[in-house]
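As a plain string of letters, each chain reads:
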Amino acid sequence: MARCRITGGGGFKAALVEIEPGEAFMSEAGAMFRASDNVDIEVTTRTRSAGGLFSGLKRMFAGESFFLSKYCTTDGQRGEIGLAPKLPGNVEVIHCAGHSRWICTGGSYIGSSANLNLDTQFQGISGMFSGESLSFLEVAGEGDLIVSAFGAIREINVERALTVDTGHVVAFEDSLEYSLGKAGGSWLQSFLASEGITLNFIGAGKLYVQSHNADEWGRSLGGLLPPRRE
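It should be emphasised that the depicted structure is a prediction, and the values quoted were computed from it without experimental measurement.

Participant: Can you tell me about a nonpolar patch on the surface, naming the residues and giving the values?
Facilitator: Taken together, the side chains of L87, W217, L221, L224 and L225 make up a nonpolar region of the molecular surface, amounting to roughly 530 Å² of accessible area. Its location among the elements puts L225 in the segment after α3 (214–224).

Structure below.
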């Protein structure tokens, strides 16, 4: 089975993946920054759970790339791939045991073992207000899943209930149920407040959160830029 290890330091982590002869590894298209010369790269929209154009469209609605990259070696030898996220921050390898599914929020997926199933879970109309994407990426099976976080990443063992500010969820086990909540006195106050909308988790399972919110960072940065000249 492919071996994944985290490299780099500070807020610029990456993953190095070693693949054995005869096996494959998948990643979001554009995540690779290096590969050994015996690695073949195939760009596809197909996954194990669903294939073709429709699969790519569903991933796009989940905030992921339309395409996937598939890596395998060509000479019967071990190969190596370097994968990194688009934004600076941390990278984590989740070892999926198969007894539960993992749910990735939009943009957190980097790569996974080729034997893992990838599918899309629609959030419903509440996704428009949650601060996350309209759809989540569902990962099922046994293997390694690589996710990224903007800023620091933390693993939390939820035993009963936990509230997380929207835009800070990276991935969680499907044993956790979630609902949209409000921190303010009314939904209007919560919607207008920068920290007013929350995701409320109930149950027992693992949850990964990130310290920073990429959307809020983008809006803050955009306000400091000079006006665009026509």
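After that view of the structure, there is still more to cover.
Participant: Can you explain the pattern of salt bridges? Please cite residues and give values.
Facilitator: Scanning the model with the defined rule gives 6 salt bridges in all. E18 is paired through a salt bridge with R3; the nearest N and O atoms lie 2.6 Å apart. With E18 in strand β2 (residues 14–19) and R3 in strand β1 (residues 3–7), the pair connects residues that are 15 residues apart, well separated along the chain. For R34, the salt bridge goes to E80, with nearest N and O atoms at 2.3 Å. In this pair, R34 sits in strand β4 (residues 32–35) while E80 sits in strand β7 (residues 79–83), placing the two residues 46 residues apart along the sequence. Residue R34 is classed as partly exposed on the basis of its relative accessible area of 39%. Linked by salt bridges that have partners in common, R3, E18, E20 and R78 make up one network.

Participant: Describe the confidence of the model for the protein chain, and please don't skip the residues or the numbers.
Facilitator: Looking at the protein chain as a whole, its pLDDT mean stands at 84, while 79% of the residues score no less than 70. Looking over the protein chain, one finds the lowest element-wise mean pLDDT in helix α1 (residues 52–61), namely 54, and the highest in β7, namely 98.

Participant: Account for the sheet that holds strand β3 (residues 25–28), with residues named and values stated.
Facilitator: If you trace the 6 strands from one edge of the open sheet to the other, you get β5-β6-β3-β10-β13-β8, paired in antiparallel fashion. Of all strands in the sheet, those bounded by a partner on one side alone are β5 (39–44) and β8 (89–97). Going from strand to strand, the sheet's axes swing by 20 degrees on average, the running direction of each strand aside. Sheet topology note: the β3/strand β6 (residues 68–73) ladder contains 4 bridges and is antiparallel. Bridge assignment links E28 to a residue of β6, and that residue is L68.

Each value, and the rule that gives it
Residues numbered from 1 in each chain as written. Predicted model: local features only at pLDDT ≥ 70, side-chain atom pairs only at ≥ 80, totals over all residues. Heavy atoms only, no water. Patch = residues over 30% accessible without salt bridge, like charges linked within 9 Å, V, L, I, M, F, W, Y side chains within 5 Å. Areas by Shrake-Rupley, 256 points an atom, 1.4 Å probe, with all protein chains shown as cover. Salt bridge = Lys/Arg side-chain N within 4 Å of Asp/Glu carboxyl O. Helix = DSSP H or I, 4+ residues; strand = E, 2+ residues; numbered from the N terminus. Buried < 20%, exposed > 50% of the residue type's maximum accessible area, 1.4 Å probe, protein only. pLDDT = per-residue confidence, 0-100. Pairing = 2+ DSSP bridges. Axes fitted to C-alpha atoms, helices over the stretch in contact; angles between N-to-C directions.

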